[in-house]
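# Overview (structure and organization)
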Amino acid sequence: KITLPAQNAEIKGDDEKEISQKFEWSPVGGADEYHFELSSDDGKTQIIETVNKTTYTSKIPVARNYQVKITASGLNGMKSESTTVAQFAVIGKKLALPKITPPDTEFVRELRWKKSEYSENYDLTLNRLNPTTKKWEKVLAQENITGDSFEFDPSHPGGTYSLHVQAKGKLRVNSDPAKI
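A brief report on the enclosed structure follows. (Residues numbered from 1 in each chain as written. Predicted model: local features only at pLDDT ≥ 70, side-chain atom pairs only at ≥ 80, totals over all residues. Heavy atoms only, no water.)

## Describing the side chain of Ser-73
Topologically, Ser-73 is positioned in strand S7 (residues 64–73). The class for Ser-73 is buried, based on a relative accessible area of 11%. When residues no more than four places from it in sequence are discounted, the contact partners of Ser-73 are Ala-31, Asp-32, Glu-33, Met-78 and Lys-79. (Helix = DSSP H or I, 4+ residues; strand = E, 2+ residues; numbered from the N terminus. Buried < 20%, exposed > 50% of the residue type's maximum accessible area, 1.4 Å probe, protein only. Contact = heavy atoms within 4.5 Å.)

## Points about the sheet that holds strand S3 (residues 18–25)
As summarised here, the arrangement of the three strands in space is S1-S3-S6, forming an open sheet in which the pairing is antiparallel. Each end of this open sheet is capped by a strand with a single partner; those strands are strand S1 (2–4) and strand S6 (55–61). The mean inter-strand angle of the sheet, taken between neighbouring strand axes irrespective of direction, is 35 degrees. Two elements, S1 and S3, share two bridges in a ladder whose sense is antiparallel. In the strand pairing of S3, Leu-4 is matched with Glu-24. (Pairing = 2+ DSSP bridges. Axes fitted to C-alpha atoms, helices over the stretch in contact; angles between N-to-C directions.)

## Some points on the layout of surface pockets
As a volume, the largest pocket reaches approximately 410 Å³. Forming the boundary of the largest pocket are 16 residues, of which Glu-106, Val-108, Phe-152, Gly-159 and Tyr-161 lie nearest the centre. A per-element tally of the lining of the largest pocket places strand S14 (residues 161–168) first, with three residues. Across the lining of the largest pocket, the residue classes break down as nine nonpolar, five polar and two charged. (1 Å grid on protein atoms, 1.4 Å probe; cavity = no way out; pocket = protein on both sides within 12 Å on 5 of 7 lines; lining within 4 Å. Points joined across faces, edges and corners; volume = space filled by probe spheres on them. Nonpolar A, V, L, I, M, F, W, Y, C, P; charged D, E, K, R; others polar.)

## Looking at the nonpolar core
Among the nonpolar cores identified, the biggest contains 25 residues, and Phe-23, Trp-25, Phe-36, Leu-38, Ile-60, Val-68 and Phe-88 are the most heavily contacted of them. Among the elements of the structure, strand S2 (9–12), S3, strand S4 (33–40), strand S5 (46–51), S6, S7 and strand S8 (84–91) are those that each provide at least two residues to this core. Considering each element in turn, this core owes the most residues, five residues, to S8. Not counting residues up to four positions away in its chain, the partners in contact with Phe-88 are Pro-5, Ala-6, Ala-9, Ile-11, Phe-23, Leu-38, Ile-60, Arg-64, Asn-65, Tyr-66 and Val-68. Membership of the second largest hydrophobic core comes to 15 residues, among which are Leu-111, Phe-152, Tyr-161 and Ala-167. (Core = buried A, V, L, I, M, F, W, Y, C linked by side-chain atoms within 4.5 Å.)

## Details of the packing of aromatic side chains
The final tally for this structure, using the stated rule, is nine aromatic pairs. For the ring pair Trp-25 and Tyr-34, a centre distance of 5.7 Å and an interplane angle of 65 degrees mean the geometry is edge-to-face. As far as burial versus exposure is concerned, Trp-25 and Tyr-34 are alike and both buried. An aromatic cluster is present here, built from Phe-23, Trp-25, Tyr-34, Phe-36, Tyr-56, Tyr-66 and Phe-88 joined pairwise through their rings. For Arg-172, the ring lying beneath its charged end belongs to Tyr-118, and the centroid distance is 4.1 Å. (Phe/Tyr/Trp six-rings, centres within 6.5 Å; stacked < 30°, edge-to-face > 60°. Lys NZ or Arg CZ within 6 Å of the ring centre and 35° of its normal.)

Honestly, it's all geometry; don't read function into it.
Below, the structure is given as structure tokens:
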């Protein structure tokens, strides 16, 4: 039985690119070595090793789903009839804030931002300051925007607006919202 990582674990990485991951499994009686096989679901990572202990540590890329297989074998070349399998995901570090370019004038029709590295899309929220209540009111929310700009609808009334942009990526922690 694979004890580390736990089956279906979501391991939070503290790096943008890779983590050092320890693997552990229960010993099998009569086994003197173990066939360790790790593969990512996208096929970009594959590690195959034969080890003589019940632990193995390796650096692996973040933002991927993985499957690990362990097969025990004995001195006489006999392999265990069963292979222990576990699946897990490594979640990448929180995405950086998108950098919103400040507008040149107060008469804004478009806002742009610099894409965060590793981001795939963005969630946007447009709020307008109600001049009577002095409270922000949500005007518009858009999800999974793939571009790097937002165009104001000319039908929106004049006033003070706030735009929040949050970066998202596959198997990565979303950024905090950038605000302008």
